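# Coordinate analysis (summary)
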Amino acid sequence: MKPEQGIVLEFALAGGDFETAGEASSKIKRVLQQIGVRSDTVRRIAISSYEAEMNVIIHAYRGVLKAAVFPDRTELVVEDEGPGIADVELAMQEGYSTAPDHIREMGFGAGMGLPNIARCADEFNITSVVGSGTKIKIVIRHS
């Protein structure tokens, strides 16, 4: 049996790099538009990838964002090296944030990232180890 064909995009992310913030999610969005994915689905994927990308830039030392685009779905996997999340359930609550004041002053860190990702995703899984990092897997089906 032949393995499933897909387009795979991979982006290295650096913590604190606000100069390039949003570039990975913009590139993913462009590819999805070019291959004809419906605009409402592209929007859900773009929101999820942007929020995940920003979480790495705001909270982690470094990370990787991978997007695998298949005919019926897009899978996003974001893995970071960082402080991890002590209480994932708390972090999933809208408005909860551990972002420092200087990040909030820049307009980020409102505590909506993870809830927005979960809202946009058809499948959402997060695992985190304090002192090591966080991994998020998101699946969005193409409608």
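Quantities reported herein were computed from a predicted structural model and do not represent experimental measurements.

## Concerning the environment of S97
For S97, the location among the structural elements is in the loop between α3 (88–91) and α4 (101–105). Each C-alpha atom, one on S97 and one on A12, is 24 Å from the other, the two residues being 85 residues apart in sequence. Reaching out from S97, the side chain makes a polar contact with the backbone nitrogen of A99 at a distance of 3.0 Å. At a separation of 2.8 Å, a polar atom in the side chain of S97 contacts the main-chain carbonyl oxygen of G109.

## Digging into helix α2 (residues 39–59)
Since the α-helix turns once every 3.6 residues, residues separated by three or four places project in the same direction. For α2, which comprises 21 residues, the first-to-last C-alpha distance of 30 Å matches the rise-based estimate of 30 Å (1.5 Å per residue) to within 8%. Within α2, 15 of the 21 residues are buried, which leaves the element mostly enclosed by the surrounding structure.

## Brief notes about the layout of surface pockets
In this model, the largest pocket occupies a volume close to 660 Å³. In terms of lining residues, the largest pocket is bounded by 34 residues, among which N55, H59, S97, T98 and L114 are the most central. Sorting the residues of the lining of the largest pocket by element identifies α2, β3 (73–81), α3, α5 (113–120) and β5 (133–141) as the ones contributing at least two each. By residue number, the principal contributor to the lining of the largest pocket is α2, which donates 8 residues. Its residues assigned to classes, the lining of the largest pocket comprises 20 nonpolar, 11 polar and 3 charged.

Conventions we followed
Residues numbered from 1 in each chain as written. Predicted model: local features only at pLDDT ≥ 70, side-chain atom pairs only at ≥ 80, totals over all residues. Heavy atoms only, no water. Helix = DSSP H or I, 4+ residues; strand = E, 2+ residues; numbered from the N terminus. Polar contact = N/O pair within 3.5 Å; in protein donor to acceptor, adjacent residues only side chain to side chain. Expected span 1.5 Å × (residues − 1). Buried < 20%, exposed > 50% of the residue type's maximum accessible area, 1.4 Å probe, protein only. 1 Å grid on protein atoms, 1.4 Å probe; cavity = no way out; pocket = protein on both sides within 12 Å on 5 of 7 lines; lining within 4 Å. Points joined across faces, edges and corners; volume = space filled by probe spheres on them. Nonpolar A, V, L, I, M, F, W, Y, C, P; charged D, E, K, R; others polar.

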